[in-house]
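What follows is the residue order along each chain.
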Amino acid sequence: MNEISGRPTARELEQINCFTRRTLTEDEVYVFPVVLCDNEIDRDGERFADGALDMLAALFVGVTGIADHNPLSRNQTARIFACRTETVEGRTTTDGKPYKRLYARAYLPRSEQSRELILALDSGIKKEVSVGCSVKKRICSVCGKEVSACEHVKGRTYQGKPCFVTLDEPTDAYEWSFVAVPAQKAAGVVKAYQTGSMKKGGCMELKQKLYSGEEQHFTAEEMKALGQRLEELEQKALDGAYYRSVLTKEIGSLALLALPKLKGDILNKMLEQLCVRELDELRAALKGKAQEIMPLQPQLMKQAGRKPENNTLYNTI
């Protein structure tokens, strides 16, 4: 198979014409290779599971490429017509796993409008990419639990074990983009985690309609999907607000012990500027400081010649 940029092979042209309204010739299309993502731990402290890459290889066939993850139709640049996973011999990830990547072949029409893009691709100016996909599982490397059910923080080390998140069981791959600064060094990847699928006709297509700037007519099914999604987001917003209030109250209590000279109004202004993840990290830091000041100990201490009435330990903080 021809694995370079330029003219498609006969087999590639057949694959490409599966996505076109009319049969194109080899002179009308330009093909190029692209590494979409891999199983390396990226700058965000996340990585794709090997099995996830295998599933994404099927999901990305036919997916359009855009610029900077902007879902406007005019930003469409190319389309993937073939995709596969491959293991690079002699290369391993930072945690010692065989290096595996998602390799795709994409095409775009040759025209006056695409000439600059083709030149940018050939010259290496347009190179870095990232992908948008949905996954079911986000697993902590330290405890093996879902991220939502564990207390570990990405980027930290626990008993010599680095904490990162493994993304697994993708449900949809809805776009890939040319970007300037990707999360993955080898290809670049951006993750969009959704509880449901974003297949054709789903939320991604509706977002494109909403952002197009043109008058649009939504079907009853599309309106229902938008309504359901809005209800989901409203509930998540309420849950997030409740969790934030719990965090800020706990931080306030810990700050009284760990930072007694810090005024309450100053603390409140600080907390207003922090996101939930940053609040969670601040809580952990203050809790550690508070335990240094007042270590955990049994509240019911042994008395001379007498055992405690029970074995319950109480946190005195």
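Residues numbered from 1 in each chain as written. Predicted model: local features only at pLDDT ≥ 70, side-chain atom pairs only at ≥ 80, totals over all residues. Heavy atoms only, no water.

A few words on the pattern of salt bridges. Think of it this way: side chains of opposite charge can pair up when their charged atoms draw near. Counted by the stated rule, this structure contains 16 salt bridges. The shortest N-O distance in the salt bridge between Glu12 and Arg105 comes to 2.9 Å. Residue Glu12 is located in helix H1 (residues 10-16), and its partner Arg105 is located in strand S5 (residues 98-109); the two are separated by 93 residues in the primary sequence. Where Lys137 meets Glu169, a salt bridge forms, and the shortest distance between an N and an O atom there is 3.0 Å. Taken together, the positions of Lys137 in strand S6 (residues 129-140) and Glu169 in strand S9 (residues 165-178) put the pair 32 residues apart, joining distant regions of the chain. A network of salt bridges, in which partner residues are shared, links Arg7, Glu26 and Asp27. (Salt bridge = Lys/Arg side-chain N within 4 Å of Asp/Glu carboxyl O. Helix = DSSP H or I, 4+ residues; strand = E, 2+ residues; numbered from the N terminus.)

Looking at the secondary structure, you find Tyr30 in strand S1 (residues 29-38). A relative accessible area of 2% places Tyr30 in the buried class. Taking the C-alpha atoms as reference points, Tyr30 and Arg110, separated by 80 residues in sequence, lie 6.1 Å from one another. One polar contact links Tyr30 to Asp122, side chain to side chain, over a distance of 2.3 Å. (Buried < 20%, exposed > 50% of the residue type's maximum accessible area, 1.4 Å probe, protein only. Polar contact = N/O pair within 3.5 Å; in protein donor to acceptor, adjacent residues only side chain to side chain.)

As a further point, take the environment of Phe60. Considering the arrangement of structural elements, one finds Phe60 in the loop between helix H2 (50-59) and strand S3 (64-67). Its relative accessible area of 0% is what places Phe60 among the buried residues. Sequence-wise, Phe60 and Leu102 are 42 residues apart; in three dimensions their C-alpha atoms are separated by 9.7 Å. Residues in contact with Phe60, not counting those within four places in the same chain, are Leu36, Ile80, Cys83, Leu102, Val131, Gly132, Ala173, Glu175 and Trp176. (Contact = heavy atoms within 4.5 Å.)

It is worth spelling out unusual backbone geometry at this point. In the Ramachandran plot, Gln159 falls in the positive-phi region, its phi being about 50° despite a non-glycine side chain. According to the relative accessible area criterion, Gln159 is exposed, its value standing at 87%. Of note, the phi angle at Glu169 is positive, near 55°, even though the residue is not glycine. What makes Glu169 partly exposed here is its relative accessible area of 28%.

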